[in-house]
Amino acid sequence: HRADHHGCAGMNIRRVIFNIIDIVCKVVLTVLAVMVIIKGVRYAYDWGIQIFDQRPMAVDDTRTVSVTIFDTDSVLEVGRKLEDAGVIADARLFWIQERLSIYHDMIAGGVYELSPSMTPDAMIEIMARATVEEKKTEEAAAAAAAAEEKRKKELEGKSEWEKALSDLKAENAKREQEWEKKMQA
């Protein structure tokens, strides 16, 4: 009778030990999971800060570096070139910043003088300037063509004097635009 009692006590002790080990393992795994989540949140927060609160790599380093960009370079390749030149800290971060920039997909090939004291947005703006100017020129040409087409339609059925007067007005408007461009330059 006593032997059976010791057998039950041994089973209870094993069950208690098993439950304690089970609880300890769950606590350790929970603590590890919380630590991983905290580390991930900190990492994501730091990236978010770097993406939106752009700071130059080195505010006091005003030297310029020549960086050659080709039209065939991807944004990540541009970022790697800038990272290799020492003007940005992280090519992947630059890729995200370019994606969120108003100059997204506008970086043009060329040789650029960039500085570690510039923000990534400033560098992107400089490298996109040629594309922006090209788009402005295309838009201006399209607007001029549309205006000329409209003027031609308006002249249909008018006398030669009215057509000549309209031509003079158009030529005068063109000269005024050229004059304004010269004054702005």
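Please refer to the structure higher up on the page.
From a predicted model like this one, the values you see are computed outputs, not experimental measurements.

1. Brief notes about the overall build of the chain
Turning to step 1, where the next piece is worked out: Secondary structure assignment for the chain yields five helices and two strands.
Turning to step 2, where the next piece is worked out: Taking 2.2 N^0.38 as the reference for a compact globule, 185 residues should give roughly 16 Å; the C-alpha atoms of the chain span a radius of gyration of 35 Å, well beyond that estimate.
Turning to step 3, where the next piece is worked out: Along the first, second and third principal axes, the C-alpha atoms of the chain reach 130 × 50 × 25 Å.
Turning to step 4, where the next piece is worked out: Burial status across the chain gives 21% buried among its 185 residues.
Turning to step 5, where the next piece is worked out: For the chain, contacts bridging at least 24 residues in sequence account for 58% of all contacts bridging at least 6.
Turning to step 6, where the next piece is worked out: In the form shown here, the chain has an accessible surface area of approximately 14300 Å², with 60% of it arising from carbon and sulfur atoms.
Turning to step 7, where the next piece is worked out: The averaged location of the 32 negative side-chain charges in the chain is 7 Å from the averaged location of its 26 positive side-chain charges.

2. Side note on the packing of aromatic side chains
Turning to step 1, where the next piece is worked out: Counted by the stated rule, this structure contains one aromatic pair.
Turning to step 2, where the next piece is worked out: Summarising the aromatic geometry, the rings of Tyr43 and Trp47 are spaced 6.2 Å apart at their centres and angled 45° between planes, so their arrangement reads as tilted. Pair noted here: Tyr43 and Trp47 are both in helix α1 (residues 2-52), with a separation of four residues, about one helical turn.

3. Considerations on the pattern of salt bridges
Turning to step 1, where the next piece is worked out: For the structure shown, the criterion picks out six salt bridges.
Turning to step 2, where the next piece is worked out: Among the ionic pairs, Arg175 bridges to Glu171, the shortest N-O distance being 3.7 Å. Taken together, the residues Arg175 and Glu171, both in helix α5 (residues 160-184) and four residues apart, mark about one turn of the helix.
Turning to step 3, where the next piece is worked out: Residue Arg175 is classed as exposed on the basis of its relative accessible area of 54%.

4. Describing the layout of surface pockets
Turning to step 1, where the next piece is worked out: Its volume calculated, the largest pocket comes out at about 510 Å³.
Turning to step 2, where the next piece is worked out: Residue lining of the largest pocket: 16 residues in total, with Ala144, Ala147, Ala170, Lys174 and Gln177 positioned closest to the centre.
Turning to step 3, where the next piece is worked out: For the lining of the largest pocket, the secondary-structure elements that each account for two or more residues are α4 (120-155) and α5.
Turning to step 4, where the next piece is worked out: Class assignment for the residues of the lining of the largest pocket results in seven nonpolar, two polar and seven charged.
Turning to step 5, where the next piece is worked out: Roughly 230 Å³ of internal volume is contained in the second largest pocket.

5. Let's talk about the environment of Arg80
Turning to step 1, where the next piece is worked out: As for its position among the elements, Arg80 is in helix α2 (residues 75-85).
Turning to step 2, where the next piece is worked out: Residue Arg80 is classed as partly exposed on the basis of its relative accessible area of 45%.
Turning to step 3, where the next piece is worked out: In the structure, Arg80 is positioned 11 residues away from Ala91 in sequence and 5.0 Å away in space, judged by C-alpha atoms.

Reading the values: rules and limits
- Residues numbered from 1 in each chain as written.
- Predicted model: local features only at pLDDT ≥ 70, side-chain atom pairs only at ≥ 80, totals over all residues.
- Heavy atoms only, no water.
- Helix = DSSP H or I, 4+ residues; strand = E, 2+ residues; numbered from the N terminus.
- Rg over C-alpha atoms; globule rule 2.2 N^0.38 Å.
- Buried < 20%, exposed > 50% of the residue type's maximum accessible area, 1.4 Å probe, protein only.
- Contact = heavy atoms within 4.5 Å.
- Areas by Shrake-Rupley, 256 points an atom, 1.4 Å probe, with all protein chains shown as cover.
- Lys, Arg positive; Asp, Glu negative; His and termini not counted.
- Charge placed at Lys NZ, Arg CZ, Asp CG, Glu CD.
- Phe/Tyr/Trp six-rings, centres within 6.5 Å; stacked < 30°, edge-to-face > 60°.
- Salt bridge = Lys/Arg side-chain N within 4 Å of Asp/Glu carboxyl O.
- 1 Å grid on protein atoms, 1.4 Å probe; cavity = no way out; pocket = protein on both sides within 12 Å on 5 of 7 lines; lining within 4 Å.
- Points joined across faces, edges and corners; volume = space filled by probe spheres on them.
- Nonpolar A, V, L, I, M, F, W, Y, C, P; charged D, E, K, R; others polar.

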